[in-house]
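Overview (structure and organization)
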Amino acid sequence: MTKLFVIHENPQWLPPLAAAFDQIGLPWAELDLSRGVFDLSSAPPEGVFYNRMSASSHTRGHRYAAELTAGVLAWLTRHGRRVVNGPAALDLEISKVRQYAALERAGLRIPRTIMVQDDNAALIEAARRHFAPGPVILKPNRGGKGLGVRLFASVEALEAHLQDAPAEEAPVDGIWLLQDYIRAQRPVITRAEFVGGRFVYAVEVDTTAGFELCPADVCAIEGQAAGDAFCPVGTAPAAAAAPRFTVLKEGIEAPLRNRLEAFLAASGVDVAGIEFIRDAAGQPLVYDVNTNTNYNAGAEEVAGIANTPRSGPGALAAFLAAELGHRQQKAA
């Protein structure tokens, strides 16, 4: 029997999706690519493959999981398998620079960004030239969950940080980004969720606690264990923390929604969470595309959509079930 294969490297993110899959009787299996051995001379199993490889995989000790996944996706597509979030999506997931190029091609605004090879002297020189006196945001080109994103009030503050920064904070691909700090009307960003290339809902995220914006409930546990003060999910138990994620009943304006959907279609991305911030004039600037997207169960519960087809996992399960049905019909 054909089934859905979920490609991933972090099983802690799977339970909400597993529950939604099981609720509708969708046959599925895990394909954990934190490590693996594959016979490229053989054909892959029949089915639909859903790629959930994360840009932050290296932070969990899986340094080469993304590279392994790129090889597996090439093997799958060579044999004509349906891959949801295929090679083009993975390419965007692991590079904000490539995300920004694709976003601008689609007519979307991004914050002014300077790319710098991992060199402290070059970073300081670029920051002085383009952002002095400040503020400036420093972020890795390949991150995930907002990891490593820091705001500095001045170039001097950035320089002081770099002098004492541990080696493990260096970007895994050797590329740092310096970026404009957008002065928003309120300390929030918006994350728009898309399934099958179509808008599902938008979540407003309170950024007062910092930039690590992974919506998954498990991130609160990871942040607490690591003593991480930046994770907006909170370092306290969920019952005691103020809500940081709120589903917007009104969604987002149609012109922006249409441009984001067109961007996903042109980029070969089926499932994504796209984050943007509004400047003082209310204009949106897109700064991150998460093709390995997670959903916040608490926000969905408050909105009354948890465990329904309107939830993120519910919409995803329905889409993947339809893709598997199409595959089965073709094979019949």
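Here, every reference points to the structure presented above.
How each quantity is defined
- Residues numbered from 1 in each chain as written.
- Predicted model: local features only at pLDDT ≥ 70, side-chain atom pairs only at ≥ 80, totals over all residues.
- Heavy atoms only, no water.
- Salt bridge = Lys/Arg side-chain N within 4 Å of Asp/Glu carboxyl O.
- Buried < 20%, exposed > 50% of the residue type's maximum accessible area, 1.4 Å probe, protein only.
- Pairing = 2+ DSSP bridges.
- Helix = DSSP H or I, 4+ residues; strand = E, 2+ residues; numbered from the N terminus.
- Right-handed = clockwise from strand over helix to strand, strands pointing away.
- Expected span 1.5 Å × (residues − 1).
- Contact = heavy atoms within 4.5 Å.

Once that is clear, we can look at the pattern of salt bridges. A complete count under the given rule lists 16 salt bridges for this structure. Among the ionic pairs, R63 bridges to E67, the shortest N-O distance being 3.3 Å. Assessed through its relative accessible area of 29%, R63 is described here as partly exposed. A salt bridge links D91 to R98, with the shortest nitrogen-to-oxygen separation between them at 3.0 Å.

Below, the discussion takes up the pairing of strand 2 (residues 28-32). The side chains of a regular strand alternate between the sheet's two faces. The pairing of strand 1 (residues 3-8) with strand 2 spans 5 bridges and is parallel. Looking at the pairing, F5 lines up with A29 of strand 2. Assessed by its sense of winding, the connection that carries the chain from strand 1 through helix 1 (residues 15-23) to strand 2 is right-handed.

Time to look at helix 2 (residues 65-78). Within an α-helix, residues lying three or four positions from one another point in the same direction, as the helix has 3.6 residues per turn. For helix 2, which comprises 14 residues, the first-to-last C-alpha distance of 20 Å matches the rise-based estimate of 20 Å (1.5 Å per residue) to within 8%. Restricting attention to buried positions, one finds in helix 2 the residues A65, A66, T69, V72, L73, W75 and L76. Turning to helix 2, the residues buried within the fold contact strand 1, strand 3 (47-51), strand 4 (82-84) and helix 3 (87-93). Looking one or two residues past helix 2, G80 carries a phi angle of roughly 75°, positive in sign.

To continue, consider the side chain of S57. In this structure, S57 sits in the loop between strand 3 and helix 2. Leaving out residues up to four positions away in the same chain, S57 has contacts with E9, H62, A65, A66 and R142.

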